[in-house]
Amino acid sequence: MPDSADSTATPQPQPQPLDHVARIQAEWARERPDLDVRPQGVIGRLHRLAGLLTEELCVVYRRFGLSEGEFDVLAALRRAGDPFERAPGELATHTMVTTGAMTKRIDRLERAGLVTRRRTAGDGRARVVALTAAGRELIDRAFTEHMRNERRLLDTLSGDEAAALESLLTTWLERAEPPRSG
């Protein structure tokens, strides 16, 4: 017969299962106890989360027939304000890609009728990329859905958690990549 004290014992909390990064850290700590693997806890989780978030964001882009890069170009043009145009080099800067990659994106968007290219009035060699009416309509719809999707993803955190995370990430990014003027 079991002891009555045993039946009223407080159950011990069960250890939480290790996430992917924690498992990797544990393996490295076992194999290389001479190294501090704690940075993997932050960097590894950010890296994994970035990949998961990118995939979730790309679902929306694909719904509108766009790649992530094409969405970025259309968004950069839309943010420019009326007349919704920028030079290709400026677009490359705003989307953080090489000018070669930008040319390929612009080519695809032009074939789809979402942007046009024209020579600038002041310099016949310089070009400007502009949204077409169809491009503006598409990016407005896609961006609205993109913001709904980002809200859905962020709503897994409380308001206080999201604000604290934004503050930490802002501080870290400022130290890693000082803000540019303009």
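See the structure shown above.
Quick caveat: nothing in here was measured; it's all calculated off a predicted structure. Each chain carries its own residue numbering, running from 1 in the direction its sequence is written. Reporting in this predicted model follows two pLDDT cut-offs: at least 70 for local features of residues, and 80 or more for side-chain atom pairs to be given and counted; totals over whole chains, interfaces and linings ignore these cut-offs and use all residues. Hydrogens and water are ignored here; the side-chain numbers use all heavy atoms of the structure.

1. What to know about the pattern of salt bridges
Next, step 1: The rule for a salt bridge is simple: a side-chain nitrogen of Lys or Arg has to be within 4 Å of a carboxyl oxygen of Asp or Glu. With the rule as written, the count across this model stands at 17 salt bridges.
Next, step 2: Note that Asp 19 and Arg 45 form a salt bridge whose closest N and O atoms lie 2.8 Å from each other. Residue Asp 19 is found in the loop between helix 1 (4-7) and helix 2 (20-31), and its partner Arg 45 is found in helix 3 (residues 39-63); the two are separated by 26 residues along the sequence.
Next, step 3: Judged by relative accessible area, Asp 19 falls into the partly exposed class, the value being 33%.
Next, step 4: Given a relative accessible area of 34%, Arg 45 falls into the partly exposed group.
Next, step 5: With its nearest N and O atoms 3.3 Å apart, the salt bridge here joins Arg 63 to Glu 145. Linking Arg 63 in helix 3 with Glu 145 in helix 7 (residues 133-154), this pair joins segments that are 82 residues apart in sequence.
Next, step 6: Among the charged side chains, a network of salt bridges with common partners joins Arg 63, Glu 145 and Arg 148. Numbering of helices and strands runs from the N terminus, with a helix taken as a DSSP run of H or I at least four residues long and a strand as a DSSP run of E at least two residues long. Only protein chains enter the calculation, and the probe is 1.4 Å; a residue is then buried if its accessible area is under 20% of its type maximum, exposed if over 50%, and partly exposed in between.

2. Focus: the packing of aromatic side chains
Next, step 1: The criterion for an aromatic pair is that two Phe, Tyr or Trp rings (for Trp, the six-membered ring) have centres within 6.5 Å, with stacked assigned to planes under 30 degrees apart, edge-to-face to planes over 60 apart and tilted to the rest. With the rule as written, the count across this model stands at one aromatic pair.
Next, step 2: When the centroid spacing of 4.3 Å and the interplanar angle of 25 degrees are considered together, the rings of Tyr 61 and Phe 71 count as stacked. Of this pair, Tyr 61 sits in helix 3 while Phe 71 sits in helix 4 (residues 68-79), and the two are 10 residues apart along the sequence.
Next, step 3: For Tyr 61, a relative accessible area of 4% gives the class buried.

3. With respect to the sheet that holds strand 2 (residues 115-119)
Next, step 1: Reading across from one edge, 1-3-2 is the order of the three strands in this open sheet, with antiparallel pairing throughout. Both edges of this open sheet fall to strand 1 (85-86) and strand 2, since each of them pairs with a single strand only.
Next, step 2: Pairs of strands are assigned from DSSP output, requiring at least two bridges between the strands. Of the pairings in the sheet, the one linking strand 2 to strand 3 (residues 127-131) comprises five bridges and is antiparallel in character. Along strand 3, the bridge assignment pairs Thr 116 with Ala 130.

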